[in-house]
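# Results of the structural survey
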Amino acid sequence: MMTKNTLLQNGVMACLCFSAAPLLLAEDLNNALDQEPPVLMDELVVQGDWLVNAKNQQVFEHPGARTLVDRDDFKKEGASNVQEALRTVPGVFVPENTGNSDSSLRLGIRGLNPRFSAHTNVLLDGVPLAVAPYGMPHLSIAPVALGNLESIDVVRNGGAVRYGPQNVGGIVNFNTREIPLEHQTTIKVKGSHWSDSPNSTLGQQNYDVFTGGTLDNGLGLALMYSGQKGDSYREHSSSDIDDVILKYDYGLTEAQSLSGRFHYYHADNEMPGGLTQSEFDDDSLQSARPLDAFKGYRKEAVVKYQNEFSEYSTFDVTSYYTKSLREFTYFNLRDHVNPAKGDKYYRKPRYYDVFAIEPRLSHLFVGSGFDQEVSVGYRYLEEDAEEKQYLTPVDADLNPNGSESALETKTVEGETTAQAFYIDDRISFGDWEVTPGIRYEKVRLSVDKPNVDQYEVRKNDYEAFLPSLNVLYRLNDATRLFANYNASFGSVTFNALSKNEDLEEEKAGITELGARYSQGGVEAEITLFHIKFEDILYSSYDQSTGSTLFFNAAEATHQGVELAAEFDLGLLLNWSGFSVFGTYTWLDARFDKGVDSKNVSFADNRTPFAPKHVATLGGRYETGNWTYHLNAYAQSHQYADVHNSEKADLTDWEQELGYKGNIPGFGYVNARVDYQLPVTGLDAVISAGLKNMFNKEYYLRSDTQLAGLYAGAPRQFYVETEINF
């Protein structure tokens, strides 16, 4: 196994080797260009990293489906977490957490299974959020809090060459708050209460603090904190989350800068768990699993060096080290007669260390009637994992009844060495922009698994060439047309490899055709997409044995249409202060082939947790110091299992357990009002709102180890105060 010292030593070696190579290449390019120096047009600049801290103009010029959700949008939605903030993005399905804690993230983009966002590359300022991007890409712990964010950038296609792996569902980049030039402080407090909740406490509270600025010597610093405390709407649903970030940026010279962050995230949450049909009918907000819980942390250091050593060349190198823990505690499922309770409970701590370094060189060439930016990058990454299990028996009242014991045969130790090379070439001529590119992934994954009286070592090598082609056409100043094809790759996880060493990597091809418009108070976009997903890794939890099986079981086709529009009625109809917006997604996601662990086919069925229709509609009115928001969300029905089971297809005990079957569609309406305090020299806003204001009842299902029925959130009232100075 790799030690932490080995990780750091290898990282330093990689940094020296791969930082020097791009600089030498750039010098050769500059020497060649000195023979006939190009004349750069004023509006042309080298882009380099086009993802981190992107603005609306960059999104408008992107050759693929892309949406930027900023702090104003957070407020408009009354969002308390990143899940709520993402629900207005077309093509993004964000179910409420079922079987998970408030610190996990579930993104089901374009019909992909939302469980732990395993098929989407989720980043924080360009750095992967997953505890192990290759060996465990699941976001069972998503170390990001909404209060520390400036924006969320959802790149549904057109970025796979730069940002892999696991990007069949696109790239979601959380941008932390920017360091201001002048000193600035923000304090925000929010309290939420569910009127139907069985909890007698105040409810849930969110606390956000930001302070930062740039010193006279050019050093920029920002300290930010975001916390979530208190009970949600169900029994046994308390959360205790702290997210602290120290961000820095220092200009070494006019051309060189050093930036990065130190990040600590901690979560300690109760999990109410699923209910049987009988329990749900009796009280849908109760919890029958009083010991289920989650805790975890993330410790992270990131450093980025950037050198804009000429007006048409830039080089940067980013390195990061993360140390993570994610630990679930939950009951086993004893039998089918009494399925919601167990005679023992498990504690499953998993520890991960990751080191990576990524240099990149971008060079801009300008000729007669065209410009061309070539970017070359490389990433070296190492992962070290230790996944353990412990067991404690309980008595008839579900209280611990014995000492905890380690399950040595369940311990898995894993390591990954991954290298990725990529190159893309953005060529602009006339009104066209064409960007071909290719990414090469080479991954070695190994696990040490106990087998009788010795460890069994399993290793697998995965490699893939992933081509892409992105095309943008500027029809006029207000309209952009785009088309693209990107290939995606996802390696096998440590857990899956420990159970089956003959697994293939998942592969996908994503195609888009779309248009974007912005002018005169109208913002609109439409995207047609098609995904061919192959060698899908299928996990099946066997209720009779309590074990999870893994195998490449399926292929699927995901296709659909995404629409989004916003209208400023003040500009269009002279209705001062009024604006409206809406999104709609039509999705057809079906398995082309597939068999389950019992060799039963589910070909031609819809993929689970993938509603065919999802829509949002909202409006906003500003007058004086007051702003009023009203928005609605609706989705059609979906299935919780690959067999698309209806009630008549299920046995009595399957119906009672509640983890299979149809999930009916539902919708709800939210409202919010903001008041800007008329205090000179102080930017202060008081807000109040209602979520699910008509108290619409709905439910969800989960097919995880915490299987069962989950009540949707009832009516919620919240009050919020934000002060900036």
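Throughout this document, residue positions are counted from 1 along each chain, in the order its sequence is written. Confidence filtering applies because this is a predicted model: local features only for residues at pLDDT of at least 70, side-chain atom pairs given and counted only at 80 or more, and all residues used for totals across whole chains, interfaces and linings. To get the side-chain values, take all heavy atoms of the structure and skip hydrogens and water.

## Things to note about the overall build of the protein chain
Our working definition: Comment: elements are numbered from the N terminus, with helices defined as DSSP H or I runs of at least four residues and strands as E runs of at least two. Surface exposure here means Shrake-Rupley accessible area, sampled with a 1.4 Å probe, where a residue is shielded only by the protein chains that are shown.
From N to C terminus, the protein chain includes eight helices and 35 strands. About 29300 Å² of surface is accessible on the protein chain, with carbon and sulfur atoms providing 54% of the total.

## A look at the pairing of strand 34 (residues 708–711)
To keep things clear, this is the line we draw: Between any two strands, at least two bridges found by DSSP are needed for them to pair.
Judged from the four bridges that link them, strand 33 (residues 699–702) and strand 34 form a sheet pairing that is antiparallel. Within the sheet, the bridge partner assigned to Ser702 lies in strand 34 and is Gly708. Count of turn residues in the strand 33/strand 34 antiparallel hairpin: five residues.

## Things to note about the environment of Ala142
Here is the rule we go by: Should any heavy atoms of two residues lie within 4.5 Å, those residues are considered in contact.
For Ala142, the location among the structural elements is in the loop between strand 5 (127–128) and strand 6 (149–155). Residues Ala142 and Tyr297, spaced 155 residues apart in sequence, show a C-alpha to C-alpha distance of 9.5 Å. If we skip the residues at most four places from it in the chain, Ala142 touches Ser103, Ser104, Leu105 and Tyr265.

## Concerning unusual backbone geometry
Gly164 connects to Pro165 through a cis peptide bond whose omega is 0°. Relative to the assigned elements, Pro165 resides in the loop between strand 6 and strand 7 (171–176). Positive phi is not limited to glycine here, since Phe116 has a value of about 60°.

## Comments concerning the sheet that holds strand 6
With respect to topology, five strands assemble into an open sheet ordered 1-6-7-4-5, the strand pairing being mixed. Sheet topology places strand 1 (66–70) and strand 5 at the edges, where each strand pairs with a single neighbour. One ladder, built from six bridges, connects strand 6 with strand 7; its direction is antiparallel. Of the residues in strand 7, the one forming a bridge with Ile152 is Phe174.

## Section: empty space enclosed by the protein
Put simply, the test is: Only protein atoms enter the 1 Å grid used here, on which a cavity is any set of points holding a 1.4 Å probe that cannot leave and a pocket is any open set flanked by protein within 12 Å on both sides along at least five of seven lines; residues with an atom within 4 Å of a point are listed as lining. Grid points are joined across faces, edges and corners, and a volume is the space filled by probe spheres set on the points. Any residue that is not Ala, Val, Leu, Ile, Met, Phe, Trp, Tyr, Cys, Pro, Asp, Glu, Lys or Arg is counted as polar, Gly included; the first ten are nonpolar and the last four charged.
In the structure shown here, the tally under the stated rule is eleven cavities of 30 Å³ or more. Contributing to the lining of the largest cavity are 20 residues, with Gly91, Val92, Phe93, Thr585 and Val614 lying nearest its centre. Approximately 90 Å³ is the volume found for the second largest cavity. In terms of lining residues, the second largest cavity is bounded by 13 residues, among which Thr120, Asn121, Val122, Ala130 and Pro137 are the most central. Within the lining of the second largest cavity, the residues separate by chemical class into nine nonpolar, four polar and no charged.

## As for the environment of Asp102
To keep things clear, this is the line we draw: Relative accessibility under 20% of the residue-type maximum defines a buried residue, over 50% an exposed one, and the middle range a partly exposed one, all with a 1.4 Å probe and only protein chains included. N or O atoms within 3.5 Å of each other form a polar contact, as long as, within protein, one can give a hydrogen and the other can take it, and as long as residues adjacent in sequence are counted only when both atoms are side-chain atoms.
With respect to the element layout, Asp102 can be found in the loop between strand 2 (92–93) and strand 3 (108–109). The class of Asp102 is partly exposed, set by a relative accessible area of 34%. Residue contacts for Asp102: discarding those within four places in its chain leaves Gln83, Asn97, Gln204, Gln228, Ser239, Ile241 and Asn269. Of note is the side chain of Asp102, whose polar atom sits 3.1 Å from the side chain of Gln228.

## So, the pattern of salt bridges
The condition is simple: The salt bridge definition used is simple: a Lys or Arg side-chain nitrogen within 4 Å of an Asp or Glu carboxyl oxygen.
Scanning the model with the defined rule gives 41 salt bridges in all. Among the salt bridges present, the one from Lys388 reaches Glu386, with a minimum N-O distance of 3.3 Å. Connected through shared salt-bridge partners, Glu61, Asp371, Glu373, Arg426, Glu433, Arg474 and Arg480 make up one network.

## Looking at the nonpolar core
Side chains that are nonpolar tend, in soluble globular proteins, to be buried together. Using the following cut-off: The set of buried Ala, Val, Leu, Ile, Met, Phe, Trp, Tyr and Cys residues whose side-chain atoms join them within 4.5 Å is what this entry labels a nonpolar core.
The biggest cluster of nonpolar side chains holds 40 residues, and the ones touching the most others in it are Tyr134, Tyr320, Tyr352, Tyr462, Phe489 and Phe494. Not counting the four nearest positions on each side in its chain, Tyr462 is found in contact with Glu441, Lys442, Val443, Leu445, Phe489, Ser491, Val492, Leu497, Leu503, Glu504 and Glu505. Within the second largest apolar cluster, 25 residues are counted, among which are Val82, Val94, Leu124 and Leu146.

## Regarding the packing of aromatic side chains
The cut-off we apply is this: Only rings of Phe, Tyr and Trp enter the pairing, Trp through its six-membered ring, and a pair is recorded when the two centres are within 6.5 Å. The plane angle decides the type: under 30 degrees is stacked, over 60 is edge-to-face, the rest tilted. Placement of a charge over a ring requires the Lys NZ or Arg CZ to be within 6 Å of the ring centre, with the centre-to-atom vector within 35 degrees of the ring normal.
Applying the stated rule across the entire model yields 22 aromatic pairs. Between the aromatic rings of Trp50 and Tyr163, the centroid separation amounts to 5.5 Å while the plane-to-plane angle is 85°, which identifies the pairing as edge-to-face. A residue pair is termed long-range when its members are at least 10 positions apart, and Trp50 in the loop between helix 1 (4–35) and helix 2 (56–60) and Tyr163 in the loop between strand 6 and strand 7 qualify at 113 residues. One exposure class covers both Trp50 and Tyr163, and it is buried. In this structure, Lys691 packs its charged tip against the face of Tyr718, placed 5.4 Å from the ring centre.

## A short note on the side chain of Gln204
Among the structural elements, Gln204 can be located in strand 9 (residues 204–214). On the basis of relative accessibility, which here comes to 6%, the residue Gln204 falls in the buried class. If sequence neighbours within four positions are ignored, Gln204 has contacts with Asp102, Lys190, Gly191, Ser192, Trp194, Gln228, Lys229, Gly230, Asp231, Ser232 and Ser239.

## Notes on a nonpolar patch on the surface
Stated precisely, the cut-off is as follows: Each patch groups residues whose relative accessible area exceeds 30% and which form no salt bridge, using 9 Å between like charges and 5 Å between nonpolar side chains of Val, Leu, Ile, Met, Phe, Trp and Tyr.
A cluster of nonpolar residues, Ile187, Val189, Tyr207, Val209, Val679, Leu682 and Phe725, forms a patch on the protein surface that exposes about 540 Å² of accessible area. Of all the secondary-structure elements, those providing two or more residues to the nonpolar patch are strand 8 (184–194) and strand 9. Residue classification places Val189 among the partly exposed positions, given a relative accessible area of 39%.

## Section: the pairing of strand 6
Burial of strand 6 is extensive: six of the seven residues sit out of reach of the surface. As paired strands, strand 1 and strand 6 are joined by five bridges and run antiparallel to one another. Bridging from a neighbouring strand, Asp70 pairs with Ser151 of strand 6.

## Considering the confidence of the model for the protein chain
Let me state the cut-off plainly: On a range of 0 to 100, pLDDT expresses the predictor's confidence in each residue.
Per-residue confidence for the protein chain averages 88 on the pLDDT scale, and 90% of its residues sit at or above 70. Predicted confidence for residues 1–42 stays below pLDDT 50, and this span has 59 contacts to residues more than four positions away or in other chains. Scored below 50 in pLDDT, residues 334–340 shows twelve contacts in the model against residues more than four places distant or in partner chains.

## Re the environment of Glu456
Residue placement: Glu456 occurs in strand 21 (residues 454–476). When the C-alpha positions of Glu456 and Val412 are compared, they lie 9.9 Å apart, and in sequence the two are 44 residues distant.

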